[in-house]
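# Architecture and fold: a report
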Amino acid sequence: MSILKIAKMGHPVLLKTAIPVEDPGSPDILRLIDNMADTMIDACGAGLAAPQVHVSLRIMIFHVQNDRAEHNEESMSLRVLINPEIKILDAKLDVDMEACLSIPGLVGLVPRARKIYYRGHDSSGRLIEEEAEGFHARVVQHEYDHLDGILYPMRMTDLSTLAFRDELGRSVINPEQSNSNNE
Ligand code: NI
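Scope of this entry: the structure provided in the associated data block.

### Concerning the nonpolar core
Among the nonpolar cores identified, the biggest contains 18 residues, and M60, F62, L81, I116, Y118, V139 and V140 are the most heavily contacted of them. Looking at this core element by element, the count peaks at six residues for helix α2 (residues 134–147). Membership of the second largest hydrophobic core comes to 17 residues, among which are I6, A37, V80 and L101.

In structure tokens, the structure reads:
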């Protein structure tokens, strides 16, 4: 069990396209995933992708906590996706606040597809496939973007909403949306 150092925006690893994992069951990959989980929980994040811990492989983890579940979504304990794929089921965009462990202190409004299908393998090799909406769909799209070298400000259409979280009380952004999780 280790807490890994998180790469911050500006580190080149965050802009690279990560490569597929060829040996998903190997001890090195299992150890990496365990350490990613420890790191995400330690940093109070909702999700984490391997490039954020300086490993350019297509692995992402996330969870959906009770207080984030929307539209009767179930909360979801830690989910691991190795070599994930995403398909957009409803391209209508919902805009909501996001944050990122690689961009500490900042939040911004990001448009994301409303409904997606995703699949990938967990650390025991089991195929995970699911449709997701709401926060669940958002966190999956955010983490998946990390695997393609995309950070949430690159998805923003209104950069005037990029803000330091601790200034939000005085901004025009709805303060009720200021409790977004780090991803
Ligand atoms: Ni992120």
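Past the structure itself, the notes keep going.
### Side note on the pattern of salt bridges
Throughout the structure, instances matching the rule amount to 11 salt bridges. A salt bridge links R119 to E85, with the nearest nitrogen and oxygen atoms 3.4 Å apart. Of this pair, R119 sits in strand β4 (residues 106–121) while E85 sits in strand β3 (residues 76–98); the two residues are 34 residues apart in sequence, bridging distant segments of the chain. R119 gets classed as partly exposed once you look at its relative accessible area, which sits at 32%. Each of E98, R112, R138, D145 and R155 takes part in a single network of salt bridges with overlapping partners.

### Overview of the layout of surface pockets
Here the largest pocket is characterised by a volume of approximately 200 Å³. Lining the largest pocket are I86, I88, L93, P111, R112, A113, Q141, Y144, D145 and R155. If you list the elements that add at least two residues to the lining of the largest pocket, you get β3, β4 and α2. Split by residue class, the lining of the largest pocket holds six nonpolar, one polar and three charged.

### Here we look at the side chain of Q141
Topologically, Q141 is positioned in helix α2. On the accessibility criterion, Q141 (10% relative accessible area) is buried. Excluding anything up to four places from it in sequence, Q141 contacts I86, R112, A113 and I116.

### Side note on the packing of aromatic side chains
Overall, the coordinates contain one aromatic pair when judged by the stated rule. Measuring from centroid to centroid gives 6.1 Å for F62 and Y118, while their planes differ by 80 degrees, and the two rings are edge-to-face. Pair noted here: F62 is in strand β2 (residues 59–64) and Y118 is in strand β4, with a separation of 56 residues, a long-range link. According to the relative accessible area criterion, F62 is buried, its value standing at 0%. The class for Y118 is buried, based on a relative accessible area of 0%.

### Topic: the environment of E133
Following the sequence through the fold, E133 ends up in strand β5 (residues 127–133). Along the backbone, E133 and Y117 are 16 residues apart, and their C-alpha atoms lie at a distance of 9.1 Å.

Quick notes on the rules
- Residues numbered from 1 in each chain as written.
- Predicted model: local features only at pLDDT ≥ 70, side-chain atom pairs only at ≥ 80, totals over all residues.
- Heavy atoms only, no water.
- Core = buried A, V, L, I, M, F, W, Y, C linked by side-chain atoms within 4.5 Å.
- Buried < 20%, exposed > 50% of the residue type's maximum accessible area, 1.4 Å probe, protein only.
- Helix = DSSP H or I, 4+ residues; strand = E, 2+ residues; numbered from the N terminus.
- Salt bridge = Lys/Arg side-chain N within 4 Å of Asp/Glu carboxyl O.
- 1 Å grid on protein atoms, 1.4 Å probe; cavity = no way out; pocket = protein on both sides within 12 Å on 5 of 7 lines; lining within 4 Å.
- Points joined across faces, edges and corners; volume = space filled by probe spheres on them.
- Nonpolar A, V, L, I, M, F, W, Y, C, P; charged D, E, K, R; others polar.
- Contact = heavy atoms within 4.5 Å.
- Phe/Tyr/Trp six-rings, centres within 6.5 Å; stacked < 30°, edge-to-face > 60°.

Honestly, it's all geometry; don't read function into it.
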